[in-house]
Amino acid sequence: MNVLVWLILLSVFLGGGALALFLWTLRSGQYDDLDGAANRILFDDSAAKRDEV
Amino acid sequence: MSATLTEAQTAQRSPPASVHCQHCGQPSGAERFCCAGCAAAFETIQGLGLGNYYRQRVLNPANRPPRPESGERWDLARYIDTDADGVNTLILAVEGLTCGACVWLIESVLAREPDLLAGRVNMTTRRLRLAWKGDTARAYRLAAQVEGLGYRLVPFDQSCLRAAEDQTGRALIRALAVAGFSAANVMFLSLGTWVGLTQNMGPATRDLMHWVSALIALPCICYASLPFIRSALAALSRGRTNMDVPISVGVTLVSVMSLIETMRGGLHTYFDSASTLLFFLLIGRVLDHRARGKARETAQELLMLRAGDVSVLQADGSTRRCRQEAVAPGDLVLTGMGERIGVDGTVARGETSLDASLVTGESLPQPAAPGTLVFAGTLNLGDAITVRATATGNTTLLAECVRLIEAAEAARGRFVVLADRVARAYTPAVHVAALATFLAWYLALGRPAMDSLITAAAVLIVTCPCALALAVPTVQVVVTSRLFRQGILLKSGTALERLANATTVVFDKTGTLTEPVLLADSSDAQALAIAAGLAANSRHPLCRALLAGSGAAPQLPGVIEHPGLGLSLLRDGGEIRLGSRRFCGLTGSAAAGPELWLVRPGAAPLCFAFQERLRPDAAATVRAVRAIGIDVLIASGDAAPAVQQAAESLGIAVWHAQQTPASKVALIESLRAQGKRVFMVGDGLNDGPCLAAADVSASPSTAADISQTVADVVFQGASLRPVLTVLRAARRARAAMRQNIGLSIGYNLLVVPLAVAGYVTPWIAAIAMSSSSLLVLGNAFRAQGKLRS
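Residues numbered from 1 in each chain as written. Chains lettered and ligands numbered in written order. Predicted model: local features only at pLDDT ≥ 70, side-chain atom pairs only at ≥ 80, totals over all residues. Heavy atoms only, no water.

Student: What exactly am I supposed to notice about the overall build of chain A here?
Tutor: When helices and strands are counted, chain A shows two helices and zero strands. A total of about 4000 Å² of accessible surface is found on chain A, and carbon and sulfur atoms cover 68% of it. (Helix = DSSP H or I, 4+ residues; strand = E, 2+ residues; numbered from the N terminus. Areas by Shrake-Rupley, 256 points an atom, 1.4 Å probe, with all protein chains shown as cover.)

Student: What is the right way to read the overall build of chain B from this model?
Tutor: The number of helices and strands found in chain B is 27 helices and 29 strands. Considering only contacts within chain B whose residues lie at least 6 apart along the sequence, 66% involve residues at least 24 apart. Summing over all exposed atoms, chain B offers an accessible surface of approximately 33900 Å²; the carbon and sulfur share of this is 59%. (Contact = heavy atoms within 4.5 Å.)

Student: Can you walk me through the sheet that holds strand S15 (residues 379-380) of chain B in this structure?
Tutor: Residues and elements named next belong to chain B. Spatially, the three strands line up as an open sheet ordered S13-S12-S15, and their pairing is antiparallel. Each edge of the sheet is formed by a strand with only one pairing partner; in this case those strands are strand S13 (366-368) and S15. Looking at chain direction, strand S12 (residues 352-355) and S15 are connected through two bridges and run antiparallel. Along S15, the bridge assignment pairs Leu354 with Asn380. (Pairing = 2+ DSSP bridges.)

Student: What is the right way to look at the interface of chain B and chain A in this model?
Tutor: Size of an interface, as often reported, equals the accessible area lost when the parts are brought together. On the chain A side, the residues contacting the 33 residues of chain B number 29 residues. Note on chain B versus chain A: buried area summed over both sides is about 2700 Å², and carbon and sulfur give 60% of it. Among the residues of chain B in contact with chain A, Trp104, Arg170 and Phe181 of chain B are the three that bury the most area, contributing 19% of the side total. Across the contact surface, chain B and chain A share zero salt bridges. The tally of links between chain B and chain A comes to zero residue pairs in polar contact (both at pLDDT 80 or more). If you list the elements that add at least two residues to the side of chain B that touches chain A, you get helix H3 (52-56), helix H4 (100-111), strand S5 (116-122), helix H7 (167-198) and helix H8 (203-224) of chain B. Sorting elements by how many residues they give to the side of chain B that touches chain A places H7 of chain B first, with eight residues. For the side of chain B that touches chain A, the residue count by class is 18 nonpolar, nine polar and six charged. (Buried area = accessible area lost by both parts, 1.4 Å probe. Salt bridge = Lys/Arg side-chain N within 4 Å of Asp/Glu carboxyl O. Polar contact = N/O pair within 3.5 Å; in protein donor to acceptor, adjacent residues only side chain to side chain. Nonpolar A, V, L, I, M, F, W, Y, C, P; charged D, E, K, R; others polar.)

Student: Explanation requested: a nonpolar patch on the surface in the structure shown.
Tutor: A contiguous nonpolar surface patch, about 560 Å² in accessible area, is contributed by Val3, Leu7, Leu10, Phe13 and Leu14 of chain A. Using a relative accessible area of 55% as the deciding quantity, one classes Val3 of chain A as exposed. (Patch = residues over 30% accessible without salt bridge, like charges linked within 9 Å, V, L, I, M, F, W, Y side chains within 5 Å. Buried < 20%, exposed > 50% of the residue type's maximum accessible area, 1.4 Å probe, protein only.)

Student: What is the right way to look at the packing of helix H10 (residues 244-264) of chain B against helix H16 (residues 449-463) of chain B in this model?
Tutor: Angle between the axes and distance between the axes: these two values describe a pair of packed helices. Residues and elements named next belong to chain B. The N-to-C vectors of H10 and H16 enclose an angle of 140 degrees; their axes lie 9 Å apart at closest approach. If you check the angle between H10 and H16, you find them oblique. Considering the relative orientation of H10 and H16, their crossing is left-handed. Along its contact with H10, which presents Val249, Gly250, Leu253, Val254, Met257, Ile260, Glu261 and Arg264, the element H16 presents Met450, Leu453, Ile454, Ala457, Leu460 and Ile461. Its residues assigned to classes, the contact of H10 with H16 shows eleven nonpolar, one polar and two charged. (Axes fitted to C-alpha atoms, helices over the stretch in contact; angles between N-to-C directions. Parallel < 35°, antiparallel > 145°, perpendicular 65-115°, else oblique. Left-handed = near helix turned anticlockwise from the far one by under 90°.)

Student: Would you explain the confidence of the model for chain B in this entry?
Tutor: On average, residues of chain B score 77 in pLDDT, and 80% of them reach the 70 mark or higher. For the stretch residues 1-18 of chain B, pLDDT sits under 50, and the model shows 19 contacts to residues farther than four places along the chain or on other chains. (pLDDT = per-residue confidence, 0-100.)

Student: Please explain the packing of aromatic side chains as it appears in this structure.
Tutor: Aromatic rings considered in pairs are described by the distance between their centres and by the relative angle of their planes. Applying the stated rule across the entire model yields three aromatic pairs over all chains. Seen from their ring centres, Phe22 of chain A and Tyr31 of chain A are 5.8 Å apart, and the 45 degrees between their planes marks the pair as tilted. For Phe22 of chain A, a relative accessible area of 27% gives the class partly exposed. Under the relative-accessibility criterion, Tyr31 of chain A is labelled partly exposed at 38%. Residues Phe438 of chain B and Tyr442 of chain B carry aromatic rings whose centres are separated by 5.6 Å and whose planes lie at 15 degrees to one another, so their mutual orientation is stacked. Here the residue Phe438 of chain B and the residue Tyr442 of chain B both occupy positions in helix H15 (residues 418-444), the gap between them amounting to four residues, near one helical turn. (Phe/Tyr/Trp six-rings, centres within 6.5 Å; stacked < 30°, edge-to-face > 60°.)

Student: I would appreciate a short explanation of a positive patch on the surface in the present structure.
Tutor: The grouping of Arg238, Arg240, Arg421, Arg424 and Arg738 of chain B at the surface amounts to a positive patch. With respect to the secondary-structure elements, Arg421 of chain B resides in helix H15. (Lys, Arg positive; Asp, Glu negative; His and termini not counted. Charge placed at Lys NZ, Arg CZ, Asp CG, Glu CD.)

If you want it as structure tokens, here you go:
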């Protein structure tokens, strides 16, 4: 019975974590430029790298 | 991507002495660059060590890139947004962004700027976001750097931008994520409970499972069902019903019932059903929203072009920057090189050439001199001019067109889509069935109220239309993306259904059914060879027609193109010119049809006349369209004999000549009054109103920007075949949508008796719901396979 409580808590925690992560990616605009993301992978030098605000 | 060439391919095909500008790829005569701006941009890019750009980029020969300009044309400081931390943000629209390499180039240049917080290009929306701390005047330097690379920047009003952001789409995806989380977790718990039912799970454990499910599911359901409940309430308050009404009632009832069952320690709860249901329904909603997204973006871009600043010339000779709306008719507006004219008016001073493609669809630069009428949205390619304003702000032709588009969108919003028509009949039927079940169990069979209510709720769950919600949007998305890959852009989500219902196609003639062709007997062979040699350097439609009419002629090197005027070549004997009557120094009134003149030293001026000829595949397309049972007619602004000739050679019985934009609209209205569904295909600015008035419309991608914005379908290439392709695809799509709706209703007919009899437990509901949704998805992809064949 005890193990059940732990497992349920663990699974809800993991699922909730994934949900929070997804909502964060959505909010930080990672789905706003899907065309750009597809092309960026082909840039082969790091000149354009920068910490985004 | 057949229309595009990589730089490497272009280099292979060009002779060593390149006749294409090394920066923009346009014909440049014998020079390396077509203009000083391109030379400067090339130098800048090479000087920064970013020459890789030229190897990586993909040029589209059909698009004329903007010519590099310089100078402070915008009052950028007004568009800067400064937050509490002193971070300045500026958002600029980038014109001339063609591929990933452009993104790389701009970002690489900006990356060299010290302590710039953000310099990132969004390729989807073509916007550049800049963020930095401190001096706002730095905006001008940053913008000048990007403009130095050959791009044109237009600042965005950020309050305007925020209003236009796609809030609904984001809210739907958030709701989808929450519903998915709830569905997955509650289903895990439910699986345990279902197995437990056969394995002697103790009541205490089962109750624990139910309570945990309730704790996860209830908040999630509350959040994820909001889009449906809002829409249902909106419909009910207008005295109507839609698909969201049974969804909202069903989900609410099921959640409340399950909570009561949990508290009573009952055997079955339906939290998993409610969560999964919302998850599937939201997938349908997100797809639906995406299918409708394109039209919104196009109108937004037009509005953006309208929102610029203009320079007004004061009485004392100084200039003042102000908003377009603030300009009064009669004011003198100064428009520099590379600037869009902000007002309608007449040229007061200066001579230049203008790019009016946004307004008239004419892709070639037009000469302008004092007295010429100009329209807002026209781009000044040459010297600065002064324009006396006649209409400003909301009274310009451009604003008129935007209003026209909005009116057309609103009118189309009234089109009742297939899914909504089904919903109107479906909603009452479902609720009556559930109510009848409750009454039968409670009154006729004398069962306890709780049991009767649970059975009625089960009826609502299994009939909840998740397959129905997926039926139409899945087909729309699948068919739209398939057509997109064939160069046909569907801009409206409901265009497919309206196309499938079309009974009559109305073609515009000039530019749609026809193309210019050289009159065969117009010249002697030697002069023709010289003219064709010159023409081979240009992409002007008449030059292409001349080249095609001459057979194969070798390209002459050293030719200079004078945009909007013609071509010239310096030879030993003097200058050879090919171009308009005025360019060749000739006088006299213009001929009826299009013409090109050739003047050579020591020879009489020679005229090449062109006539409109039917596109090669026009007859075949018209025949095929009639073969699928659709009437074809022509409405043209041309004189009767020309239209009659075209109609007869295409076998079209009904044609209308000498049509004005207003009479074309009247024609379409009268056809619609006869109960016909009109599909209009046209390209010119004068077709704009009738494209909007028709039930559904298409434009070639060479059409005026305004026509393209109004049209539901935009197709690429010189062929008319896409008209047929899109009609066929629409009919197949309609068939697939009907099959999907049939499948989902058939499934309901199958399980409703089980639910009424009280045999539907949560796990049967879950299996039935998922399998019907998968069936519908599978059928949509089958439609895609058919389109390919």
